[in-house]
Amino acid sequence: MASISTIARGVVAVVATVTLAAACGSGSKTKSTPTSQALTGRGPITLAQGKDTSGNVQHQIDVWNKAHPQETVRLIELPESADQQRQQMVQNAQTKSDAYTVLNLDVVWTAEFAANRWVTALPKNQFDLSKFLPAAVQTGEYRDNLYAAPWKTDAGLLYYRKDLLEKAGISAPPKTWSELQTDCGKIKGVGCYAGEFDKYEGLTCNFSEAVDSAGGEVVDESGKPNVNTPQAKQGLDFLVQGFKSGMIPKEAITYEEEDARRAFEKGDLVFLRQWPYQWALSSKAPKVKGKFDVAPLPGLNGPGSPTLGGHNLAISSFAKNKATALDFIKYMTSQDTERANLLASSEAPTLASLYDEPALQKKFPYLPTLKASLLNAKPRPKAVRYNDVTTAIQEAVYAALTGKSTTDQALAGLQSKLGPLTQQ
Amino acid sequence: MTTTTTAGPAAARRRRRGDVQGSGRLAATLLSPTFIVLALVVGYPVISAFRESLYQRGQGLDAQGFVVQGDKFVGLRNYTDIFTGPNSDAFWNAFWNTTFFTVVTVVLETVLGVAMALVMHRAFRGRGLVRASILVPWAIPTVVSGLLWRWVFQADGVANAIIGKQVLWTTEGFHAKLAVIIADTWKTAPFVGLLVLAGLQVIPREVHEAARVDGAGAWHSFWRITLPMVKPVLLVAVLFRLLDVLRMFDLPAVLIGLHKDSVETLTMIAYDEATNLRYGPAAAYATILFVYVAVVAYTFVKLLGADIIGDMRQTRASRPARPKRKPLAAAREVAA
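Identification of chain B as ABC transporter permease from Actinoallomurus iriomotensis is taken from an unreviewed UniProt entry. Reading the Sequence similarities (unreviewed entry) entry of the UniProt record for chain B gives the comment "Belongs to the binding-protein-dependent transport system permease family." You can read under Subcellular location (unreviewed entry) in the UniProt record for chain B the words "Cell membrane".

Under the annotation held in an unreviewed UniProt entry, chain A carries the name ABC transporter substrate-binding protein and is attributed to Actinoallomurus iriomotensis. Under the UniProt heading Sequence similarities (unreviewed entry), the note attached to chain A is "Belongs to the bacterial solute-binding protein 1 family."

Structure representation (structure tokens):
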């Protein structure tokens, strides 16, 4: 199941809007209020999500159940693979079953679930959205309405080998791609940089982060694809040239998260673009423990914009007891619960203030870097047909990386393919 | 049939006399539960999938950004789209891949399977151990063997260590096809081997002894005696493999990955369409595959005369029956 679970982890990620405005909490410019059905009914509910690997979700549910004996929550564990989770939730919606009440949605699914009316709009005014990381909030929105409350988040970081940098006389990790390339020139004998470049969701993350870090965007504010631009070309060229020059080792084209992690832990890489989960694991890896650190991803002219991952909580349109569900979501996204979840599972919280707590920073030294990255993070294209969008991206980028097409061809082709897919 | 054989000769005679009308109806009645179950688990899904393939689900969005709900009857458009639409390349690519995998793996597996069976058939020390170990790959679930082979074929895996150069097996290209073929052959040649072994074991030893007395060499006696006598079983094994490999999904999906054009098969496209909620086109792909499988199986049976329901023919042969009957038709007649 390794590959499937890695995919699940890779699919960590995003949707999102591009309308930035930090004041998105106000929700005043809602053009079309979808019949905001009142969230009514109290009683037992369920939470449907992937495997509860840390066991902490069940623990938090137990705490809730003790306090609310009339409104108990039951955890329904879905398969580990993200695709299968989505499939089961879709089936549940298509049969209009009330089996799942609260859905744990990957950030890239929000648009699809909202547009199909599989999830109910949440009352924005009942959440203090200003306390959450703005980018994470956007992943739960569709057309300015909130459909999923931000629960866990994720963003790519640059893992680097402190010891190798020191030996080469480099004082700080690279902030730009050219610094990265220079540093790579100074360190001989190991592969230099890698990310997740196999043809799967991770490639979409790595590509959109390269484009965003070069100042471009895969899909613009109005939802139109925008990849046939100089910025997008610079982004993709960074990866293509990386492979050509050998800065990125050839075998990185087969890497998913776990392959990349293994290569880093074997000491084969100086720099690795990876999700935060690797910190805890690499801290136990004999060859690299104590010898690595994390930094924000580099970009074209300064720090890059990592791709956003994570999970949000939404309420199924066909469920009963939606009032209880809303309360439960508020409980799960409250400060105390998110803090406890970070401590138990080391999954990144969506509440900004937690990143500044000294006690937490002591336990998770990468938190300040992660927060800086998250404030810069960009969601993946937000599309109702996200699956088709990501497949088209993977197809084009993979062809460019493997030299089957030039950057220009790949991007022009992608632009025309994304057009009909992102019409909204 | 069972009743006749178990009830003794007297009963059989009585039954046969009443055959003219009574037992046909009785047989139909007795078999009706089977037919009902078959209609439910085979007939209904096939018909319903075909019906589904004539519809398309709404994909458009209304002014508020909601998907316009409802299925639309589109006739055969899902089919014409597959053959001539913008994605027809993907279809023909998958069709070619599926056919290629089928031909290559079935040939390899047949040759290796027969070889394995011959080895297992030999009497030698440790024969039990060899038989058991040859069957291990077959006992491993396909997804698991897909993962195992993924490790073998990864960049720093065993395969590269053995051949001494770095091939990135899971990237696009012919090597990806090769990886799938190797893994599939490893897994299913034992299946052919096992069936052929069963066939070998019923060949009377005297036949071979007689051949040896007549001066036939090993090759001659394999070609003229073993192979013809094992042919009925071998054909059934090959037919099963054909049906199986035509709907190959899990091995390429796990070993190489989804959306990799080099190994994408028809089932993978159908799966992909269904995942993206395009049930109509997905059903159309599945229906096309169904027809393709049926045609291949029918042609195979016709051309090589694979005797699927062998004992039926034997029963018929014991009576003065018309000789050239299709086994399936014979089966149907017996059933009626």
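A separate point is the overall build of chain A. Scanning chain A for helices and strands turns up 17 helices and 13 strands. Relative to its full complement of 424 residues, chain A shows a buried share of 62%. On chain A, roughly 15900 Å² of surface is accessible, and the fraction owed to carbon and sulfur atoms is 51%.

Residue and element names in this part refer to chain A. What the 4 strands build is an open sheet, ordered β9-β10-β8-β11; its pairing is mixed. At either end of the open sheet lies a strand with only one pairing partner, and these are β9 (191-194) and β11 (292-295). Strand-to-strand twist across the sheet, computed as the mean angle between neighbouring axes with direction ignored, equals 15 degrees. Alignment of strand β8 (residues 157-161) against β11, held across 4 bridges, turns out to be antiparallel. Within β11, the residue paired with L158 across the bridge is A295.

Residue and element names in this part refer to chain A. Grouped together as the largest cluster of nonpolar side chains are 107 residues, with contacts concentrated most on L47, F197, F207, L236, F271, F328 and L401. Considering every element that reaches this core, the biggest residue donor is helix α16 (residues 386-401), with 8 residues. Each of two domains, domain 1 (2-154 + 309-376) and domain 2 (157-305 + 385-422), supplies a minimum of three residues to this core. The contact partners of F207, leaving out residues within four places of it in the chain, are V218, V227, L236, L239, I393, V397, L411 and L414.

With that settled, the discussion passes to a nonpolar patch on the surface. Residues and elements named next belong to chain B. Taken together, the side chains of F35, I36, V37, L38, L40, V41, V42, V46, I47, F290, V291 and V295 make up a nonpolar region of the molecular surface, amounting to roughly 1100 Å² of accessible area. Breaking the nonpolar patch down by element, the ones donating at least two residues are α2 (8-52) and α13 (279-304). For the nonpolar patch, the leading source of residues is α2, giving 9 residues. In this fold, I36 is placed in helix α2.

Our next topic: the packing of helix α4 (residues 88-121) of chain B against helix α10 (residues 218-246) of chain B. Residues and elements named next belong to chain B. α10 packs onto α4 with a crossing angle of 140 degrees between their chain directions and a minimal axis gap of 10 Å. Considering the angle they form, α4 stands oblique to α10. Here α4 runs over α10; the crossing is right-handed. Of α10, the residues touching α4 (which contributes T98, F101, T102, T105, V106, E109, T110, V114 and L118) are F222, T226, L234, V238, R241, L242, V245 and L246. Considered class by class, the residues forming the contact of α4 with α10 number 10 nonpolar, 5 polar and 2 charged.

This part takes up the state of the cysteines. Residues and elements named next belong to chain A. Enumeration according to the criterion identifies 1 disulfide over all chains in this entry. A sulfur-sulfur separation of 1.8 Å characterises the disulfide bridge that pairs C184 with C192. Taking the sign of the S-S torsion, -85 degrees for the link of C184 and C192, the bridge is left-handed. Accessibility classification places C184 together with C192 in one group, the buried group.

Another point: the interface of chain A and chain B. Each partner contributes residues to the interface: chain A has 39 residues there, and chain B has 30 residues. The contact between chain A and chain B buries some 2900 Å² in all, and 47% of this surface belongs to carbon and sulfur atoms. Taken together, chain A and chain B are joined by 7 salt bridges. Across the contact surface, chain A and chain B share 16 residue pairs in polar contact (both at pLDDT 80 or more). Elements represented by at least two residues in the side of chain A that touches chain B include exactly α1 (2-10), α3 (82-94), α4 (110-115), α10 (257-265) and α16 of chain A. Top element by residues in the side of chain A that touches chain B is α16 of chain A. It accounts for 6 residues. A per-class count over the side of chain A that touches chain B returns 12 nonpolar, 11 polar and 16 charged.

Right, let's talk about the UniProt feature "transmembrane region" (unreviewed entry) in chain B for a bit. All names here are of chain B. Here, UniProt's "transmembrane region" (unreviewed entry) annotation points to residues 23-47, 94-120, 132-152, 178-200, 221-243 and 282-304. Across residues 132-152, the secondary structure splits into 90% helix and 0% strand, with the terminal C-alpha atoms separated by 23 Å. Its end C-alpha atoms 33 Å apart, residues 282-304 is made of 100% helix and 0% strand.

A separate point is the environment of M89 of chain A. Tracing the backbone shows M89 of chain A in helix α3. Taking the C-alpha atoms as reference points, M89 of chain A and L78 of chain A, 11 residues apart in sequence, are found 9.0 Å from one another.

What follows deals with the pattern of salt bridges. Going through the model one piece at a time under the given rule, you end up with 33 salt bridges over all chains. With its nearest N and O atoms 2.9 Å apart, the salt bridge here joins E258 of chain A to R261 of chain A. Pair noted here: E258 of chain A and R261 of chain A are both in helix α10, with a separation of 3 residues, about one helical turn. The same class applies to E258 of chain A and to R261 of chain A, which are both buried. Residue R241 of chain B pairs with E109 of chain B through a salt bridge whose shortest N-O separation is 2.8 Å. Taken together, the positions of R241 of chain B in helix α10 and E109 of chain B in helix α4 put the pair 132 residues apart, joining distant regions of the chain. Relative accessible area serves as the criterion here: at 3%, R241 of chain B is assigned to the buried category. Exposure remark for E109 of chain B: the relative accessible area of 0% places this residue in the buried category. Residues joined by salt bridges that share partners form a network here, namely E109, D184, R241, D244 and R247 of chain B.

All right, on to the packing of aromatic side chains then. Scanning all chains against the criterion turns up 33 aromatic pairs over all chains. When the centroid spacing of 5.3 Å and the interplanar angle of 65 degrees are considered together, the rings of W279 of chain A and F292 of chain A count as edge-to-face. With a gap of 13 residues between them, W279 of chain A in helix α11 (residues 278-282) and F292 of chain A in strand β11 connect regions that are remote in the sequence. Exposure class is identical for W279 of chain A and F292 of chain A. Each is buried. Centroid distance F91 of chain B to Y285 of chain B: 6.1 Å. Interplanar angle 35 degrees. Geometry classified as tilted. Residue F91 of chain B is found in helix α4, and its partner Y285 of chain B is found in helix α13; the two are separated by 194 residues along the sequence. Take F91 of chain B: its relative accessible area is 1%, and that puts it in the buried class. Taken together, the ring pairs in this structure connect Y159, F264, W279, F292, F364 and Y366 of chain A into an aromatic cluster. Taking NZ or CZ as reference, R117 of chain A lies 4.0 Å from the ring centre of F66 of chain B, over its face.

Turning our attention to the pairing of strand β3 (residues 102-106) of chain A. Side-chain direction in a regular strand flips from residue to residue, so the side chains alternate between the two faces of the sheet. Residue and element names in this part refer to chain A. With respect to burial, β3 is a largely interior element, 5 of its 5 residues being buried. Every second residue of β3 is oriented toward a common face, with V102, N104 and D106 on one face and L103 and L105 on the other, all of them buried. Strand direction decides the pairing type here: strand β1 (residues 45-49) and β3, joined by 2 bridges, are parallel. Paired with L47 across the bridge in β3 is V102.

The rules behind these values
Residues numbered from 1 in each chain as written. Chains lettered and ligands numbered in written order. Predicted model: local features only at pLDDT ≥ 70, side-chain atom pairs only at ≥ 80, totals over all residues. Heavy atoms only, no water. UniProt positions renumbered as here; feature names shortened; annotations may be inferred. Helix = DSSP H or I, 4+ residues; strand = E, 2+ residues; numbered from the N terminus. Buried < 20%, exposed > 50% of the residue type's maximum accessible area, 1.4 Å probe, protein only. Areas by Shrake-Rupley, 256 points an atom, 1.4 Å probe, with all protein chains shown as cover. Pairing = 2+ DSSP bridges. Axes fitted to C-alpha atoms, helices over the stretch in contact; angles between N-to-C directions. Core = buried A, V, L, I, M, F, W, Y, C linked by side-chain atoms within 4.5 Å. Domains from an automatic or database assignment. Contact = heavy atoms within 4.5 Å. Patch = residues over 30% accessible without salt bridge, like charges linked within 9 Å, V, L, I, M, F, W, Y side chains within 5 Å. Salt bridge = Lys/Arg side-chain N within 4 Å of Asp/Glu carboxyl O. Parallel < 35°, antiparallel > 145°, perpendicular 65-115°, else oblique. Left-handed = near helix turned anticlockwise from the far one by under 90°. Nonpolar A, V, L, I, M, F, W, Y, C, P; charged D, E, K, R; others polar. Disulfide = S-S within 2.5 Å. Buried area = accessible area lost by both parts, 1.4 Å probe. Polar contact = N/O pair within 3.5 Å; in protein donor to acceptor, adjacent residues only side chain to side chain. Phe/Tyr/Trp six-rings, centres within 6.5 Å; stacked < 30°, edge-to-face > 60°. Lys NZ or Arg CZ within 6 Å of the ring centre and 35° of its normal.

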